[in-house]
Amino acid sequence: MKKLVLLFALITSIVSAQADKIYKHNGEVITGKVVKLEEFTIVFKYDGEDAENTVSKYAIEKIVYGKSGRVEEVTEKIVVNGEDDWEKVVILEDKAYISGLKKGEEVRGKTGLINFQTGNTGDKKAEKKLKMEAAKLGCPFILLTADKATVGANSNQLGGSQVIKKGVAYKY
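The structure presented is a predicted model; accordingly, all values stated were derived computationally and were not measured. (Residues numbered from 1 in each chain as written. Predicted model: local features only at pLDDT ≥ 70, side-chain atom pairs only at ≥ 80, totals over all residues. Heavy atoms only, no water.)

A closer look at the sheet that holds strand β6 (residues 71–73)
Spatial strand order, β4-β3-β2-β1-β5-β6: six strands in an open sheet with antiparallel pairing. Lying at the two open borders of the sheet, with one neighbouring strand each, are β4 (53–56) and β6. Averaged over neighbouring strand pairs, the angle between their axes works out to 40° when direction is ignored. Relative to β6, strand β5 (residues 60–64) runs antiparallel, the two sharing three bridges. Note on β6: the bridge partner recorded for Lys62 is Glu73. (Pairing = 2+ DSSP bridges. Helix = DSSP H or I, 4+ residues; strand = E, 2+ residues; numbered from the N terminus. Axes fitted to C-alpha atoms, helices over the stretch in contact; angles between N-to-C directions.)

Listed below in structure tokens is the structure:
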């Protein structure tokens, strides 16, 4: 009986050594088989399952391939320590890009209704405010949910537009 248990443990360790390991920035390790790497996501299967799962590359530090032992660095961890780190915040526009990240609070950035900026400057100012809100929360990512510009009758003059950007902040 002891030999059977020992044999089973040996087979299990050999099989798990062949599995790929996906290391997330939050410390979690996913064991399975990497199916494919896409531009912003990784498609994988958990050990013993056939269903394909997707995780954002932003959530992944590295992949260690079981068969070859090759290590592939995926992304560097973005550390946001406060509002001053707002420039590090990344705005994402597709829900697939947040898979594996932890949802935070809603954030918003807007310009005043009466302002002295052109449309492009207003857009940049609203984006900066949006990123600053996420940085205050310690979140390096924002899933953009609304990007709206209201244009008044004097749209070609200063003060004729307002930009509102909304999103949901995410962290590791």
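Details of the nonpolar core
Ile22, Ile42, Ile63, Leu101, Phe141 and Tyr170 are the most contacted members of the largest nonpolar core, which totals 31 residues. Those elements that provide at least two residues to this core are β2 (29–37), β3 (41–46), β5, α2 (119–136), β9 (141–151) and β10 (161–171). Here this core gets four residues from one element, more than from any other, and that element is β9. Excluding residues within four positions of it along the chain, Leu101 makes contact with Ala59, Phe141, Tyr170, Lys171 and Tyr172. (Core = buried A, V, L, I, M, F, W, Y, C linked by side-chain atoms within 4.5 Å. Buried < 20%, exposed > 50% of the residue type's maximum accessible area, 1.4 Å probe, protein only. Contact = heavy atoms within 4.5 Å.)

Quick look at the packing of aromatic side chains
Tallying each qualifying case throughout the model produces five aromatic pairs. Where Phe40 meets Tyr58, the ring centres are 6.4 Å apart and the plane angle is 20°; that geometry is what we call stacked. Of this pair, Phe40 sits in the loop between β2 and β3 while Tyr58 sits in the loop between β4 and β5, and the two are 18 residues apart along the sequence. Both rings, one in Phe44 and one in Tyr46, keep their centres 5.0 Å apart while their planes meet at 80°; by these two values the pair is edge-to-face. Look at Tyr46 and you get partly exposed, because its relative accessible area is 34%. Taken together, Phe40, Tyr58, Tyr97, Phe141 and Tyr172 form an aromatic cluster joined through their ring pairs. (Phe/Tyr/Trp six-rings, centres within 6.5 Å; stacked < 30°, edge-to-face > 60°.)

A short note on the pairing of β4
When a strand is regular, its side chains alternate between the sheet's two faces. Pairing analysis gives four bridges linking β3 to β4, with the strands arranged antiparallel. Bridged to Phe44 within β4 is Asn53. Taking the residues that link successive antiparallel strands as the turn, the β3-β4 hairpin has six residues, and the phi of Gly48 there is positive, at about 80°.

Concerning the pairing of β3
As paired elements, β2 and β3 share five bridges and run antiparallel to each other. In the sheet register, Lys33 faces β3, and the bridge partner there is Lys45. Here β2 hands over to β3 after three residues, the two strands then running antiparallel side by side.

A few points about the environment of Thr75
Structurally, Thr75 is set in the loop between β6 and β7 (90–92). Given a relative accessible area of 22%, Thr75 falls into the partly exposed group. With 18 residues separating them in the primary sequence, Thr75 and Lys57 have C-alpha atoms 6.7 Å apart. If we skip the residues at most four places from it in the chain, Thr75 touches His25, Lys57, Tyr58, Ile60 and Glu61. Polar contacts involving the side chain of Thr75 include one to the side chain of His25, which spans 3.0 Å. In terms of polar contacts, Thr75 uses its side chain to reach the backbone carbonyl oxygen of Ile60, at 2.7 Å. (Polar contact = N/O pair within 3.5 Å; in protein donor to acceptor, adjacent residues only side chain to side chain.)

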